[in-house]
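One letter stands for each residue in the lines below.
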Amino acid sequence: MSKIDFSGKVAIVTGGGAGLGKDYALNLAKRGAKVVVNDLGGMRDGTGSGSSSAADIVVDEIKAQGGVAVANYDNVATVEGGEGIAKTAIDAFGKIDILINNAGILRDKSFVKLEESNWDAVLNVHLKGAYCVTRPVFKIMKENGYGRIVMTTSAAGIFGNFGQANYSAAKSGIVGLSNVLKLEGAKSNIKVNILAPVAGTRLTDDIVPPQIFEKIKVDYVTPIVLYMCSDKCNDSGCIINAGAGYYSKSAMATSLGKNLSEGDKIPTPEDVLENWDAITDMDNPKYFDQANDIFGELSLQ
Ligand code: NAI
């Protein structure tokens, strides 16, 4: 079996000071990567003035195990922060091969109670953060003709979750962003894959029952993240669920559908009523690589 090895590679892990990100950073370094450990060191809901100790502790641990790492304390949710993170990598190691967009916060509330501040804070860290960090990194990866990016979504973003309108919208937006970067990075050997993890961390410690929390160790998520960061991974645009040793792929699927226009006839709402089951029948689904593929289904000749 060929080995996953990151010797000579430079990796950035955002939110690398705790939880999943910490485990990614430690294991990338163990396998030879030089790692930028980014972490603002704030509270779970994104409040607090931040602390350099979160990233510093992980960097110290990597160095103690014989690895190479530098800390970065920038906020992923600002353009300056994203540029600062990329600059830390370039100044310390001269290039960027791998980016894991992992930093995250939570502010759960049912939709009617969800004030603008809680909407903005969550969208800013997750979705705008993915934009702010990936944009400068993507430019460097394109120049180098190589890149592996792992974005972090959530089952909440793929399927929905009660009380997480802000978080689900942000995490779903990350899938949309990744779908475009998959296309724009293809010519430059940049692969962009999307992780939906399940793990016991401070984000989940009061959400998941204790007996389950114990079983969903971050360690189970890291192997598939490392694979997606490696030069062995040649897929792009995959949404991967990972938790407790279980791994699967999720996807947007389209039904075979039905054309209700005969010749030039514009269908009526009653035609739709009559054919709703056929339109929405998800047996034999289709998967499209990009938006324009839908035109092939429209019988436009
Ligand atoms: P965590 O709270 O243990 O770690 C997140 C890290 O991100 C923290 O160290 C925090 O300081 C850092 N961070 C937060 N805002 C930041 C900012 N603006 N700039 C830089 N760093 C910042 O959480 P966990 O569970 O490790 O989450 C990692 C990612 O996985 C998040 O994107 C989360 O939404 C996602 N996720 C986690 C799940 C789980 O079961 N733990 C489920 C689904 C998604």
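Residues numbered from 1 in each chain as written. Predicted model: local features only at pLDDT ≥ 70, side-chain atom pairs only at ≥ 80, totals over all residues. Heavy atoms only, no water.

A count of helical and extended segments in the protein gives 9 helices and 8 strands. Radius of gyration (C-alpha) of the protein: 21 Å, near the 19 Å computed for a compact globule of 301 residues. Each principal axis of the C-alpha atoms in the protein carries an extent, and together these give about 70 × 45 × 40 Å. Burial status across the protein gives 45% buried among its 301 residues. Put simply, 70% of the contacts in the protein that link residues at least 6 apart link residues at least 24 apart. Carbon together with sulfur atoms contributes 54% to the accessible area of the protein, which is approximately 15600 Å² in total. (Helix = DSSP H or I, 4+ residues; strand = E, 2+ residues; numbered from the N terminus. Rg over C-alpha atoms; globule rule 2.2 N^0.38 Å. Buried < 20%, exposed > 50% of the residue type's maximum accessible area, 1.4 Å probe, protein only. Contact = heavy atoms within 4.5 Å. Areas by Shrake-Rupley, 256 points an atom, 1.4 Å probe, with all protein chains shown as cover.)

In terms of nonpolar packing, the biggest core is built from 37 residues, with Ile12, Ile96, Leu99, Val137, Met141, Ile149 and Met151 touching the most fellow members. Every element with two or more residues in this core is listed here: β1 (10-13), α3 (79-93), α4 (116-144), β5 (147-152), α6 (165-185) and β6 (190-197). Take this core: its biggest share by element is 10 residues, from α4. Leu26, Val35, Ile100 and Met228 belong to the second largest nonpolar core, which has 33 residues in total. (Core = buried A, V, L, I, M, F, W, Y, C linked by side-chain atoms within 4.5 Å.)

A word on the site of the ligand. Lining the immediate environment of the ligand, one finds 30 residues, of which Asp39, Asn75, Asn102, Tyr167 and Thr201 sit closest. At 2.8 Å from an oxygen atom of the ligand is found a main-chain nitrogen or oxygen belonging to asparagine 102. Contact with the protein chains removes 96% of the 830 Å² of surface that the ligand exposes when unbound. Within the residue set of the shell around the ligand, elements represented by two or more residues are α1 (19-30), α4 and α6. Here the shell around the ligand is composed, by residue class, of 12 nonpolar, 14 polar and 4 charged. (Near = heavy atom within 4 Å. Polar contact = N/O pair within 3.5 Å; in protein donor to acceptor, adjacent residues only side chain to side chain. Nonpolar A, V, L, I, M, F, W, Y, C, P; charged D, E, K, R; others polar.)

Moving on: unusual backbone geometry. Trans is the common state for peptide bonds, and a negative phi is the common state for residues other than glycine. We note that asparagine 189 has phi near 55°; this positive angle belongs to a residue other than glycine. We note that alanine 244 has phi near 55°; this positive angle belongs to a residue other than glycine. Tracing the backbone shows alanine 244 in the loop between β7 (239-243) and β8 (246-250). For alanine 244, a relative accessible area of 40% translates into the label partly exposed.

To continue, consider the environment of phenylalanine 6. Relative to the helices and strands, phenylalanine 6 resides in the segment before β1. For the pair phenylalanine 6 and lysine 30, spaced 24 residues apart in sequence, the C-alpha separation works out to 8.8 Å. In this view, phenylalanine 6 contacts Leu28, Arg31, Gly32, Ala33, Ile98, Leu226, Cys229 and Ser230; residues no more than four positions away in its chain are not counted.

Another point: the side chain of lysine 191. Among the structural elements, lysine 191 can be located in strand β6. Despite its burial, lysine 191 pairs with no opposite charge; the closest candidate is aspartate 235, at 7.6 Å N-O. Dropping the residues within four chain positions of it, lysine 191 is found in contact with Gly147, Arg148, Ile149, Cys233, Asn234, Asp235 and Ser236. (Lys, Arg positive; Asp, Glu negative; His and termini not counted. Salt bridge = Lys/Arg side-chain N within 4 Å of Asp/Glu carboxyl O.)

Along the chain, asparagine 193 turns up in strand β6. A polar side-chain atom of asparagine 193 sits 2.9 Å from the main-chain carbonyl oxygen of aspartate 235. Filtering out sequence-adjacent residues up to four positions away, asparagine 193 remains in contact with Ile149, Val150, Met151, Met228, Cys233, Asp235, Ser236, Gly237 and Cys238.

Here we come to the domain arrangement of the protein. The domain architecture assigned to the protein consists of domain 1 (10-250) and domain 2 (253-301). Inter-centroid distance (C-alpha atoms) of domain 1 to domain 2 is 37 Å. (Domains from an automatic or database assignment.)

This next bit is on the pattern of salt bridges. One pass over the structure, following the stated rule, counts 11 salt bridges. In this structure, aspartate 271 engages lysine 265 in a salt bridge whose closest nitrogen and oxygen atoms are separated by 2.6 Å. Within this structure, Arg44, Asp205 and Asp206 form a network of salt bridges that share partners.

Attention now moves to the packing of α3 against α4. Where α3 contacts α4, the two axes come as close as 7 Å, and the packing angle between them is 40°. The orientation of α3 with respect to α4, classified from their angle, is oblique. In this structure, α3 crosses over α4, and the sense of that crossing is right-handed. Side by side, α3 and α4 meet where Val79, Gly82, Glu83, Ile85, Ala86 and Ile90 of the first sit next to Tyr131, Cys132, Val133, Pro136, Val137 and Ile140 of the second. (Axes fitted to C-alpha atoms, helices over the stretch in contact; angles between N-to-C directions. Parallel < 35°, antiparallel > 145°, perpendicular 65-115°, else oblique. Left-handed = near helix turned anticlockwise from the far one by under 90°.)

Take the sheet that holds strand β2 (residues 34-38) next. Within the open sheet, the 8 strands sit side by side as β3-β2-β1-β4-β5-β6-β7-β8. Their pairing is mixed. At either margin of the open sheet sits one strand with a lone partner, and together these are β3 (68-72) and β8. On average, each strand axis in the sheet is tilted by 20° relative to the strand beside it, whichever way the strands run. Two elements, β7 and β8, share 5 bridges in a ladder whose sense is antiparallel. Opposite asparagine 241, over in β8, you have serine 248 as the bridge partner. Along the sheet, α1 makes contact with β1, β2, β4 (98-100) and β6, crossing β1 at roughly 170°. (Pairing = 2+ DSSP bridges.)

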